Each structure stands twice: as structure tokens, then as C-alpha cells.
Amino acid sequence: MARKKLVLFIVEGINDKTCLESALSKIIDSNEVRFQITEGDITSRNGIDEFKIRNEIGKIVKSFKDKYHLSPEHFMEVVHLVDTDGAFIDDKSIIYADVEEPQYFDDGIKTKNIDNIVSRNHQKRAIIERMLKISSVLKSVPYSVFYFSSNMDHVLHGKANMGQSEKKNYADAFDDRFADDPDGFLELMCESAFAVNGTYKESWEYIKAGNNSVCQHSNFSVYLERYRYVLRRS
């Protein structure tokens, strides 16, 4: 039997992995699902810009490859999952409020440091635009990027502004719900009101419009649809 190839998912945090790993491992059972956690949002990280992001992603994948003594031939593809964090909204939709952390709502972002969020959003937009032009990493491994808006908690749990302990509790509950129900997970991701379908390009054009990047949307369905078809036939 041929060795399974790796589908590597790049995610921001451990709770993202908790939510997705069990269900995806059953959905993508012809290949081995693995995760690389970036410990935060690399699109808003200090020192990263649109000219450095390709190299940064390359380093993330290379670190995983070297850790497990792999070669590019072991990879089927790399799938990068990012939070939009309202990156594409108009600057005027970022308003002042006396809050400790930025708060995300369907009509904009509330923060006590408007300039920081405006600057962050401009950085994220430029970086994401460059990421969308990346088609491969490690020279030959296919690469694609999909979004959760305004973040993964918003999409999967309907709550955009959660604390860390709450995030963990919801992630554990989500895993309990879908770990043994890949069909249910696919139905949620592909048929819910938040699912942005169409082509890869069309789904990204959608999230860039108006306040869509702060609302509850995800184009992960564009990626998952191929596996949904396989499960329908099995």
C-alpha cells in the first residue's frame, strides 16, 4: 500500500486545531491530516509585511518538514486558515470604545486604539493579497488559503468576542459534537448561512466587500466541497 501523503493545515492556535482535527481526519481519510500552529496571527505580526510573507510561510512549513524528517514529496498540499479580523472594512467603521481588547460587530470594530487597528488592517490586507498569489511552497507543494470571519469562533460558535477559557470550552464541545460526525461537519460548513461558495477567487472577492470581513462568513466550504462529493458516493 502506498504511503499516505500529508495535508498540512496551518492554524493560529490550539483551539482551532481542537475544533477541526478529528472531523477533518475522517473526511480526508485518503491522506494524513496534520496541523502546524503559528501561535497567533502572522498576518498582523510585527516585522512581517507583504514582501516577507512568502518567506515566513515557507519557514513555517519547512519547520514542520524538518521536525518530522520529511521531504516535499511527503506532502499532498498545505492549507492555510486565517481569521479576517475585519481587515477589509473601511477605516471609518473602526470606532472608539473604552475596551481592553478590540470588539468585533457586524457594523465594525470597537477599540480604544483606532490608529493601531487601522494600521493592522492595512497590513493584513496587503499581506493577504500577496498570500492569494502564492500557489506553492517548498517549490512544488500546492498552497491555498481560506478564511474564517471575523474569526473561527465567530463562524463555528456564533461568538466573535470570546475570552481564552471560553474559547477552549467551546472548542472542546465542538470537537465532541463533530469528531465522529464528518457528514454533520460538512453540512455545517457547506450549507450554513455563513458559507461563502463559488470559486476560490469569487469567495475572496466577497469577503473584501463592505463589512463582510467583520461578519460571520467562511469560504472553507470551497475547499471542503470536493470531499463532500466523495462522501456522498461512498
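Residues numbered from 1 in each chain as written. Predicted model: local features only at pLDDT ≥ 70, side-chain atom pairs only at ≥ 80, totals over all residues. Heavy atoms only, no water.

Draft legend 1. Region of interest: the nonpolar core. Grouped together as the largest cluster of nonpolar side chains are 32 residues, with contacts concentrated most on F9, L24, L81, F185, M189, F220 and Y223. Residues within four places of Y223 in sequence aside, it is in contact with V7, F9, I28, E77, V79 and F146. Within the second largest apolar cluster, 28 residues are counted, among which are L8, I42, I134 and V196. (Core = buried A, V, L, I, M, F, W, Y, C linked by side-chain atoms within 4.5 Å. Buried < 20%, exposed > 50% of the residue type's maximum accessible area, 1.4 Å probe, protein only. Contact = heavy atoms within 4.5 Å.)

Draft legend 2. Representation of the packing of helix α1 (residues 14-27) against helix α5 (residues 164-178). In contact at an axis separation of 8 Å, α1 and α5 are set at 0° when each is read in the N-to-C sense. Taken together, the axes of α1 and α5 are roughly parallel relative to one another. Of the residues in α5, those in contact with N15, T18, C19, S22 and A23 of α1 are Q164, K167, K168, A171, D172, F174, D175 and F178. Residue classes in the contact of α1 with α5 are distributed as 5 nonpolar, 4 polar and 4 charged. (Axes fitted to C-alpha atoms, helices over the stretch in contact; angles between N-to-C directions. Helix = DSSP H or I, 4+ residues; strand = E, 2+ residues; numbered from the N terminus. Parallel < 35°, antiparallel > 145°, perpendicular 65-115°, else oblique. Nonpolar A, V, L, I, M, F, W, Y, C, P; charged D, E, K, R; others polar.)

Draft legend 3. Layout of helix α3 (residues 114-131). For α3, which comprises 18 residues, the first-to-last C-alpha distance of 25 Å matches the rise-based estimate of 26 Å (1.5 Å per residue) to within 8%. Looking at α3, one finds that the buried residues are I117, V118, R120, N121, K124, I127, I128 and M131. (Expected span 1.5 Å × (residues − 1).)

Draft legend 4. Molecular detail of the packing of α1 against helix α6 (residues 182-191). For the pair α1 and α6, interaxial distance at closest approach is 9 Å and the crossing angle is 105°. As far as their axial angle goes, α6 and α1 are roughly perpendicular. Contacts between α1 and α6 involve L20, A23, L24, K26 and I27 from the former and P182, F185 and L186 from the latter. Within the contact of α1 with α6, the residues separate by chemical class into 7 nonpolar, no polar and 1 charged.

Draft legend 5. Summary view of unusual backbone geometry. Residue S149 is joined to S150 through a cis peptide bond whose omega torsion reads -5°. Looking at the secondary structure, you find S150 in the loop between β8 (141-149) and α4 (152-157). A positive phi angle, close to 55°, is found at E39, a residue other than glycine. As for its placement among the helices and strands, E39 is situated in the loop between β2 (32-37) and α2 (53-67). Phi at D85 is positive, roughly 55°, even though this residue is not glycine. Overall, the relative accessible area of 11% leaves D85 in the buried class.

Draft legend 6. Representation of the sheet that holds strand β6 (residues 108-111) in the model. Taking strand neighbours across the sheet as the criterion, the 3 strands line up as β4-β6-β5 in an open arrangement whose pairing is mixed. Edge strands, defined here as strands with exactly one partner in the open sheet, are β4 (94-96) and β5 (103-105). With direction set aside, neighbouring strand axes in the sheet form an average angle of 25°. Where β5 lies against β6, 3 bridges are found, and the strand directions are antiparallel. Along β6, the bridge assignment pairs Y104 with I109. Along the sheet face, α3 touches β4, β5 and β6 and points at about 165° away from the line of β4. (Pairing = 2+ DSSP bridges.)

Shape is all these values report; function is a separate question.
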